[in-house]
Amino acid sequence: MAPTFTVRHRRMPTVGVGHHQVLSVDDIWWRPPTYGDRHWSTLHSGGSRRRPPSGGAVPWRPPYFPLPGVKLDDLRADPPFVDPPLDTEVEDEQYPTIRFSTTCPVYERTGECKHGYKCRFLGGHVRKSDDSTLELITDQDKVAHGAVSETELNFIDPNTLKLLRTKKYPRPISDAYLKELQDAIEDEKTENHVEDPTSGTQVVPQPEDALPSDNQPTLGPEDIQKDTAAEDHSQFDTPDVPMRPAEKKRLHWNGMTYLAPLTTPFRRLCVDYGADITCGEMGLAASFLQGSKEEWSLVRRHPSERTFGVQLAGNKPALLVPTAETIARECAGTLDFVDVNCGCPIDLVYKAGSGSALLDAAGKLGTIIVGMNRALGDVPVTVKLRTGVKDGRNTAHRLMPRLGPEWDAAALTLHGRTRQQRYTKLADWDYIKQCVDAVRAREAEEDLSPIPIFGGGDCFSAQDYWEKMASSGVDGVMVGRGALIKPWIFTEIKERREWDISARERLELVRKYAEYGLSHFGTDTAGVNTTRRYLCEALSFQYRYVPIGLLEVLPGRLNDRAPAFRGRNELETLLASENSQDWVKISEMFLGPAPETWTFTPKHKSNSYESQG
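Everything numeric in this text was worked out from a predicted model, so none of it was measured.

1. A short note on the overall build of the protein chain
Logical step 1: Tallying secondary structure elements over the protein chain gives 20 helices and 18 strands in all.
Logical step 2: When the 613 residues of the protein chain are sorted by exposure, 53% land in the buried category.
Logical step 3: When contacts within the protein chain are restricted to residue pairs at least 6 apart in sequence, those whose partners lie at least 24 apart make up 71%.
Logical step 4: When the accessible surface of the protein chain is split by element, carbon and sulfur atoms take 50% of a total near 28,900 Å².

Below, the structure written as structure tokens:
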């Protein structure tokens, strides 16, 4: 007999839309069957079996672990929200902790599970042999299909990581470029020798850094070619001839939707809903060069991502140029662009001279972009930046017109806030238009082909998207927080409508995220826990969505904070809960009970604000 559920109402303040009561998961209680002695069990290998008490009610927890085979038809708007499968399997006496009727999400898609006996869904890809031992099974048809459609790309082998850690990885292009930079600096020192009239000695100006400053001339591609032509390198083993800017791949992004850099499972989810351009999370160039396994995981690409790039942060050419060359070699043929982050406002990044600190170091930034272009071959370099560092001191209108014509940046993305603003106040789309006009004016003056320019900030609906495009002249809008709160925004944009998505459809979105997370992070214990953490992080944004069927004015705004409300059904109310424990319990619907000691605290406060000096 299937378990039944009741809702325990309690007195509480009446707030929100229509003065309805607010319920949480703790109000949902589980009443066990009145007959049958079948034990409910945790279905992971080695788990302990549990039996509901014979009488009374206990706080609700998902009765099955886990439910990877659940589809939209199995989801309900009322408790228990997920229909458990019929419990017709007879417990195996020899292996009581394994349910052979479960399904492994990785095996179902790829035909094999790399975690083998460590998989928490072991029953989905194991069988008993003639001698009653367990053996793993493989579906060769799915393996052949999954090798093309499901296997992630850009895995870095251990030997490469070892070469990076021991600083033995060859980078001839970067070495040559950095040597040319150093030679240029030495030549400038020689030319600037002056004689002190009081002592008769020569005074050599000492630069503050071994990098070009804003007052020093930035080497462009033509300067480098002139410098190298002065020497005879015919007797040396030199890299291939540098690719000219005209030979670079051009980016044709008009009419395409662009998701801000985020994790692989979330990018897959947004691709399902219509995202065209995706980018990996920001990686630190220094960590790439040190062979960090975690950093190199950021370049992994799923085959469903049609246009994919990698975003790098660093503070000097000696870090970013070698990183670009290494990525170009290790990810050959699987990258569409590499993005330079000039907008990260995080203190740790900014104080190291990376991210938004590069906005005030135009000479250094130009040298970085020129070198990366040379190291990446035909892979274009794009730049993401903010309007400036401090409030009231915007600088992007002077920097952006130089990025394409002088340093061959292939595309630009401008977030309409300063570094000091972080995510407070509204994005300045009037200033974005001013910057776009400045770039287009220089392109027209020098008869250059226009490059794609994307804006960013406060896009939360199809109406926002198309109005901002029309008013600012951008080629598209990068969507970040709007997609985190409502991943289906890309469907709304492409269909030019507001989608009153149902609670069941939103729960299906959560299920898919859990499945994609298991495919990416793994189905062993560590992978399940990591997937749960990222799923709860996603729910920490998605709870802020207010169904448009409850709004008095359309469309909703990104920075609006609705009071607590009760949705149109119990599931919609649950998805709007701001209690982090409720997010954990939602994850348990698809990932099973969380470990007793496992807790979750949201790490990202997107509206954090701190005045910067």
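So, next bit.
2. Quick word on the pairing of strand β16 (residues 411-415)
Logical step 1: Within β16, five of the five residues are buried, which leaves it mostly tucked inside the rest of the structure.
Logical step 2: Alternating positions in β16 separate into two faces, A411, T413 and H415 on one and L412 and L414 on the other, with burial throughout.
Logical step 3: Bridge count for strand β15 (residues 381-386) against β16 is five bridges, and the pairing is parallel. Residue V383 lies in a different strand from β16, and its bridge partner there is L412.
Logical step 4: For the crossover that starts at β15, traverses helix α12 (residues 396-403) and ends in the parallel β16, the hand is right-handed.
Logical step 5: Note that the unit made of β16, helix α13 (residues 429-445) and strand β17 (residues 453-456) has a crossover that is right-handed.

3. Some points on the packing of aromatic side chains
Each aromatic ring pair is summarised here by two numbers: the centre-to-centre distance and the angle between the ring planes.
Logical step 1: The full count for this structure, using the stated rule, is 14 aromatic pairs.
Logical step 2: The interplanar angle of 90° and the centroid separation of 4.9 Å between the aromatic rings of W488 and Y545 together place this pair among those described as edge-to-face. With W488 in the loop between α15 (481-485) and α16 (489-495) and Y545 in the loop between α18 (525-542) and α19 (570-575), the pair connects residues that are 57 residues apart, well separated along the chain.
Logical step 3: The interplanar angle of 65° and the centroid separation of 6.2 Å between the aromatic rings of W583 and F600 together place this pair among those described as edge-to-face. With a gap of 17 residues between them, W583 in helix α20 (residues 580-591) and F600 in the segment after α20 connect regions that are remote in the sequence. When sorted by exposure, W583 lands in the same class as F600, which is buried.
Logical step 4: Over the aromatic face of F460 sits the side chain of K486, whose NZ or CZ is 4.9 Å from the ring centroid.
Logical step 5: Geometry around W598 places R532 over its ring, the cationic atom sitting 5.8 Å from the centre.

4. Description of unusual backbone geometry
Logical step 1: Each neighbour pair has its own omega, and for L554 with P555 the value is -5°, a cis peptide bond.
Logical step 2: Tracing the backbone shows P555 in the loop between α18 and α19.
Logical step 3: For S132, which is not glycine, the phi dihedral falls at a positive 70°.
Logical step 4: By secondary structure assignment, the location of S132 is in the loop between β6 (126-128) and β7 (134-136).
Logical step 5: Despite not being glycine, R496 has its phi angle at roughly 55°, a positive value.

5. Section: the environment of T264
Logical step 1: Mapped onto the elements, T264 comes out in helix α6 (residues 264-272).
Logical step 2: For T264, a relative accessible area of 5% corresponds to the buried category.
Logical step 3: Sequence-wise, T264 and G517 are 253 residues apart; in three dimensions their C-alpha atoms are separated by 8.2 Å.
Logical step 4: If we ignore the near neighbours within four places in the chain, the residues touching T264 are E152, R300, E305 and H520.
Logical step 5: A polar contact is formed between the side chain of T264 and the side chain of R267, at a distance of 3.1 Å.

6. Examining the packing of α18 against α20
Axes are the key here: two packed helices are described by the angle between their axes and the distance separating the axes.
Logical step 1: At a minimum axis separation of 9 Å, α18 and α20 run at an interaxial angle of 130°. The orientation of α18 with respect to α20, classified from their angle, is oblique. Read as a crossing pair, α18 and α20 show a hand that is right-handed. Between α18, through V528, T531, R532, L535, C536, L539 and S540, and α20, the contact on the second element is made entirely by W583, V584, I586, S587, E588 and L591.

7. Remarks on the nonpolar core
Logical step 1: The biggest cluster of nonpolar side chains holds 119 residues, and the ones touching the most others in it are F266, M372, L385, M400, L403 and L507.
Logical step 2: For M400, the contacting residues outside a window of four places in its chain are L385, L412, L414, C435, V439 and I453.
Logical step 3: Counting 12 residues, the second-largest nonpolar core is a separate cluster that includes L251, W253, A410 and A411.

8. A few points about the confidence of the model for the protein chain
Logical step 1: With 76% of its residues at a pLDDT of at least 70, the protein chain reaches an overall mean of 81.
Logical step 2: A low-confidence stretch, residues 1-66 stays under pLDDT 50, and its non-local contacts, those more than four residues away or across chains, total 135 contacts.
Logical step 3: Of the regions scoring below 50 in pLDDT, residues 224-237 engages in 10 contacts with residues more than four places distant in sequence or in other chains.

Conventions adopted
Throughout, residues of each chain are indexed from 1 in the direction in which the sequence is written. Where totals are concerned, whole chains, interfaces and linings use all residues; where local detail is concerned, this predicted model gives features only for residues with pLDDT of at least 70, and gives and counts side-chain atom pairs only at 80 or more. Excluding hydrogens and water, the side-chain figures rest on all heavy atoms present in the structure. Counting from the N terminus, the helices are the DSSP runs of H or I reaching at least four residues and the strands are the DSSP runs of E reaching at least two. For the exposure calls, accessible area comes from a 1.4 Å probe over protein chains only, and a residue counts as buried if that area is under 20% of its type's maximum, exposed if over 50%, partly exposed in between. The criterion used for residue contact is that any of the two residues' heavy atoms lie within 4.5 Å. The Shrake-Rupley method, run with a 1.4 Å probe, gives the accessible areas here. Residue values count only the displayed protein chains as cover. Should DSSP find at least two bridges between two strands, the strands are taken to pair. Here a crossover is taken to be right-handed if, once the strands point away from the viewer, the path from the first strand over the helix to the second is traced clockwise. Aromatic pairing here means that ring centres of Phe, Tyr or Trp (its six-membered ring) are within 6.5 Å. Orientation follows from the plane angle: under 30 degrees is stacked, over 60 is edge-to-face, and everything else is tilted. By definition here, charges over rings are those cases where NZ of Lys or CZ of Arg is within 6 Å of the ring centre and within 35 degrees of the ring normal. Whenever a nitrogen or oxygen atom comes within 3.5 Å of another N or O atom, the pair is scored as a polar contact, on the condition that within protein one atom can donate a hydrogen and the other can accept it, and that pairs from neighbouring residues in sequence are kept only if both atoms are in side chains. Between N-to-C directions, angles span 0 to 180 degrees; the directions come from axes that are lines fitted to C-alpha atoms, helices contributing only their stretch in contact. For this classification, under 35 degrees means roughly parallel, over 145 means roughly antiparallel, 65 to 115 means roughly perpendicular, and everything else is oblique. Each helix crossing is assigned a hand: it is left-handed if the near helix lies turned anticlockwise from the far helix by less than a right angle, otherwise right-handed if that turn is clockwise. We call a set of buried residues a nonpolar core when its members are Ala, Val, Leu, Ile, Met, Phe, Trp, Tyr or Cys and they connect through side-chain atoms within 4.5 Å of each other. Residue-level confidence of the predictor, termed pLDDT, takes values from 0 up to 100.

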